[in-house]
Amino acid sequence: MRSSSVEARVEALLAKMTLAEKIGQLWQGHQATSANLEKIRRGEVGSLLNVKAEDMLTCQRAAIEESRLGIPLIIGRDVIHGFHTVAPIPLGQAASFNPSTVRQGARMAAREAAAAGIHWTFTPMVDIARDPRWGRIAESLGEDPYLASILGAAMVRGFQGTDDATPRREGVPPGWENLSEPDSIAACVKHYVGYGAAEGGRDYNTTLIPESELRNVYLPPFLACIEAGAATLMSAFNDLNGIPTSGNVRTLRTILKEEWGFEGFVVSDWASIEEMIAHGYCEDHREAAFKAMRAGVDMEMYSPCYPDHLAALIESGEVPLGWLDDATRRILRVKFHLGLFDRDPATAINPQVSLSEDHRRIAYQSAVESCVLLKNDGLLPLGDRETIALIGPLADAPADQLGCWVPDGRAEDTTTVRTALEKRLGKAKVRFAPGLDYSNQTGQDGFSAALAAAREADKLLVVVGESAWLSGEAHSRAYLELPGSQQALIEALAGLGKPLAVVVMAGRPLVMNRWAAQVNAILWAWHPGTEGGAAIVDLIYGDQSPSGRLPVSFPETVGQVPIYYNKRNTGRPPREGQSGLPIGTPLDPCDFTSRYLDADFHPAYTFGYGLTYTTFVFSPVILSSDEMKPGSTLEARVTITNSGKRAGIAVPQLYLRDRSASLTRPVGELKGFQRIEIAPGESGDVVFEINEDHLRFYNEENQAVVEPGEFHLWIGADARCLLDSPVVFQLKF
Ligand code: NOJ
C-alpha cells in the first residue's frame with residue numbers, strides 16, 4: 001500500500017533525474033571525506049554512514065543546497081543498543097522476554113540519534129544464533145525464531161515510533177505512519193539471511209541451510225520485522241548454499257520483494273557486493289554490480305561496484321532500466337516518508353535529549369530485566385550490613401560494560417558496579433581490588449591484593465567475564481571458558497571459604513563447568529550498558545528481583561556446540577541418565593544413542609531458564625479441548641503459585657510440538673510467553689490461545705502447511721519442561 005502523494009512526488013522527481021543521478025542514489029559512502037563531499041555536490045551519493053557529528057550538517061547542506069536536484073542524504077549509523085545512553089547488548093535485552101522494555105530501549109536510542117541528525121539505524125539484527133562461538137551472538141536476539149520475531153518487531157516499532165495503538169494511515173505502508181516524526185529513525189533489519197549459521201561459529205563463514213529450514217527458522221524474524229514496518233533491510237556477507245546473500249535472487253527478489261511485498265529498500269552490508277569476487281561468485285566489480293542488481297540490492301554500502309559499472313551495464317542492456325528505476329524509487333520513497341525533503345536539517349540537532357533522567361531510567365530498567373540469575377544457594381540477596389570485597393576486571397570497567405557496537409557510548413557516563421556499590425554501602429564497607437586489569441589478562445600479579453581484600457571482607461562479589469572487544473563482529477572465539485586468569489582468580493577466592501557471588505558480564509554464553517560449583521551465586525549480566533552497575537547492585541541487594549530468562553542455551557562445554565532447545569529428535573534420542581565413558585565391554589554402555597560419551601546431552605543452562613528470589617509452582621495445564629478444528633481456537637491455562645517469601649516475576653512459556661509430520665519437526669517450539677508478577681502466597685492464572693497459525697510450518701516443497709494429527713503442548717518455566725509429559729491434542733480436518 002503506497003501513499004499516493006508520496007508516490008506522486010517520487011515519480012515527479014524520478015522523471016527529472018539523469019541516469020547518473022539515479023545511480024548516485026544507489027550508493028552509500030563512508031564519512032564526510034572531501035571526495036565524498038564532491039560526489040554529494042555532483043548528485044552521486046544517496047547516503048552516508050558513520051558521519052561525525054560535526055560533519056552532519058555540512059554533508060546534508062551540500063546535498064540539499066548544492067546538488068542539482070537537492071535530494072537529501074539519508075544518514076545511517078550503527079545505533080545498535082543505544083546512542084549516548086546505552087541499553088544492554090541485544091542478547092541481554094532478549095533475556096527480558098519483554099517486548100515493551102525492548103521497544104522502549106529502541107525509542108530511547110531513536111530519540112537520541114535523531115536529535116544528532118541521524119535518520120537511519122542498522123538495527124535490529126535478528127539472525128538466529130545457535131553458536132556462542134560466533135561473536136555476533138551478542139547483537140542477536142538469541143536462538144529462538146519466535147522470541148526474535150516478537151522482540152525484533154518491538155525494536156522496529158520503537159525506532160520508527162509506532163505501537164499497537166498507532167492508527168493506520170490511508171496509503172502509508174503499515175509501520176511507516178510516524179517515520180516523519182522528528183524523533184523517529186528508519187530501522188534496518190539485518191543480516192538477510194542465515195548469517196548467524198556461520199560454520200564453526202566463525203564470522204563471515206559459509207552457511208548451508210535448506211530452504212524449508214530457512215523458512216521455518218531463519219526467515220520468520222525478518223518477516224515479523226517487515227510486517228512491523230521495517231523501512232529497510234540489509235543483505236548479509238555470507239555464502240548461502242553457494243550463492244552469496246548479496247547476490248541471492250531467491251531470498252531477495254523472490255521471497256522478500258515478490259512474496260512478502262516489501263516496499264522499502266535493501267542496502268548491502270559493508271562491501272558485500274564487492275566481496276562476491278572473493279566468494280568466487282563474480283569475476284570482477286562489473287559482474288558483482290550486475291548480480292547484486294539482479295538480486296534486488298537497492299543500495300551499495302561502501303564498495304564502488306554500482307557507481308563504477310551501472311551506467312555501462314545499463315547502456316549494454318544487461319541491467320534493465322526498470323531495475324534501476326525500481327531501486328531509485330524505493331530509496332526516494334523512504335526518504336520522502338522520513339520527511340527528509342520537508343525539514344530543515346538544522347532543526348533536528350538537539351544534544352540535550354541524550355542521557356536524560358528518563359533515558360537513564362529506561363537503560364536501568366532494561367539492565368534490571370536483562371540479568372539472569374543462574375545459581376543461588378541462598379546467598380543472594382545480600383544484606384547491607386556486611387563488608388564486601390569487590391573483585392574482578394569487570395567490576396569497574398565502564399567502557400567494557402557497554403559491550404560491542406557502541407560508537408557513541410561514553411565510559412564517563414557509565415555507572416559501574418563499583419560506583420553503585422560504594423554509593424550504596426559507603427566506601428568504607430567496600431574493599432576493591434580487581435585482581436586482573438582486564439578480562440583476558442594472564443598471570444596472577446594482582447591476586448595477592450585481591451586475596452588480601454577478600455580476607456578483610458565478610459562476603460565476596462566478583463565481577464568477571466569478557467571485555468567488550470571479545471564479542472561482536474569478527475570477534476569469534478574457539479574457547480568458551482572465562483578468558484585469561486579469571487577462573488584461577490575465582491578458584492583462589494573460593495579457597496578462602498567465604499560466601500562468594502559471581503556476576504558475569506559477557507557478550508555470549510560461556511562455559512562455567514570448572515568453577516560454577518565452587519561459588520554460591522551466579523548472576524549473568526551480559527554487557528549491561530550505561531546503568532548496568534546500578535541495576536546489578538539493586539538486584540544483588542534485592543531492591544529488584546531478577547526476572548531475566550536465557551534467550552539462548554548455555555553449553556556445558558564447547559564440544560556440545562551447536563546446542564539449542566528446538567532441535568530435532570533423531571531416530572535415537574538419548575535417555576535421561578545416559579552419560580559416562582564406557583567401562584568393560586565397549587559396546588554396552590554406549591547404548592547407540594545420539595549423545596556424547598564425555599559430556600551431557602543437555603546444556604548447562606537451557607533456553608528460557610532463570611531463577612528469582614522466590615519459587616513458583618505451575619499447576620497442570622488445562623486445555624479447553626483435546627481436539628482442534630481448522631479455524632478454531634484452543635485455550636491452555638495454568639495457575640502459577642508463588643510458593644516463596646518474596647514477590648517475583650514468573651515468565652511462563654508455551655511450547656508446542658507437531659508429533660509427526662511430513663517433515664520432522666523440533667522437539668518443542670516456543671509459541672508464547674508472558675511476564676506475570678505474583679506476590680508471595682498468591683497465585684496467578686495464565687491463558688494462552690492456540691490456533692492454526694501456531695501449528696503451521698514450511699514443508700519440503702516450501703509451502704506453509706498445517707497437517708492434521710497429534711500435537712504436544714507444555715507450559716513451563718523454561719525449555720526443560722519439554723522433558724515432562726505433554727498435554728496432547730489432535731488437529732482434525
Ligand atoms: C558491517 C556490519 O556487518 C553491519 O552490521 C553494520 O551495520 C555495517 N558494517 C555498517 O557499519
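Definitions and cut-offs
- Residues numbered from 1 in each chain as written.
- Predicted model: local features only at pLDDT ≥ 70, side-chain atom pairs only at ≥ 80, totals over all residues.
- Heavy atoms only, no water.
- Helix = DSSP H or I, 4+ residues; strand = E, 2+ residues; numbered from the N terminus.
- Rg over C-alpha atoms; globule rule 2.2 N^0.38 Å.
- Buried < 20%, exposed > 50% of the residue type's maximum accessible area, 1.4 Å probe, protein only.
- Contact = heavy atoms within 4.5 Å.
- Areas by Shrake-Rupley, 256 points an atom, 1.4 Å probe, with all protein chains shown as cover.
- Lys, Arg positive; Asp, Glu negative; His and termini not counted.
- Charge placed at Lys NZ, Arg CZ, Asp CG, Glu CD.
- Pairing = 2+ DSSP bridges.
- Axes fitted to C-alpha atoms, helices over the stretch in contact; angles between N-to-C directions.
- Left-handed = near helix turned anticlockwise from the far one by under 90°.
- Nonpolar A, V, L, I, M, F, W, Y, C, P; charged D, E, K, R; others polar.

**Quick look at the overall build of the protein**
- Summing up its helical and strand segments, the protein has 21 helices and 29 strands in all.
- Over its C-alpha trace the protein gives a radius of gyration of 26 Å, about what one expects of a compact globule, namely 27 Å for 733 residues.
- Taking the principal axes of its C-alpha atoms as reference, the protein extends roughly 75 × 65 × 50 Å.
- The buried share of the protein, reckoned over its 733 residues, is 61%.
- Partitioning the intrachain contacts of the protein with sequence separation of at least 6 by distance along the chain shows that 76% fall at a separation of at least 24.
- Here the protein displays about 26400 Å² of accessible surface, and carbon together with sulfur accounts for 49% of that area.
- When the 69 positive and 92 negative side-chain charges of the protein are each reduced to one mean point, those points stand 2 Å apart.

**Description of unusual backbone geometry**
- Of note, the amide linkage connecting threonine 123 to proline 124 takes the cis form, showing an omega dihedral of 5°.
- Positionally, proline 124 belongs in the loop between strand 4 (120-121) and helix 7 (145-160).
- In this structure, asparagine 50 is a non-glycine residue whose phi angle is positive, near 55°.
- Mapping asparagine 50 onto the fold places it in the loop between strand 2 (47-49) and helix 4 (56-66).
- One non-glycine residue, tyrosine 302, lies in positive phi territory at about 75°.

**Details of the sheet that holds strand 14 (residues 459-465)**
- The mixed open sheet is built from six strands, whose spatial order is 11-16-15-14-12-13. Pairing within the sheet leaves two strands with one partner each, and these edge strands are strand 11 (372-376) and strand 13 (430-433). Direction aside, neighbouring strands of the sheet carry axes that sit 15° apart on average.
- As defined by bridge partners, strand 11 adjoins strand 16 (residues 521-524) across four bridges and the pair is classed as antiparallel.

**Things to note about the packing of helix 6 (residues 99-114) against helix 16 (residues 357-370)**
- Taken N-terminus to C-terminus, the directions of helix 6 and helix 16 make an angle of 145°; their axes are 10 Å apart at the nearest point. Here helix 6 runs over helix 16; the crossing is left-handed. For the pair formed by helix 6 and helix 16, the contact residues are Thr101, Gln104, Gly105, Met108, Arg111 and Glu112 on the first element and Asp358, His359, Ile362, Ala363, Ser366 and Glu369 on the second.
- Here the contact of helix 6 with helix 16 is composed, by residue class, of three nonpolar, five polar and four charged.

So yeah, pure geometry; function would need other evidence.
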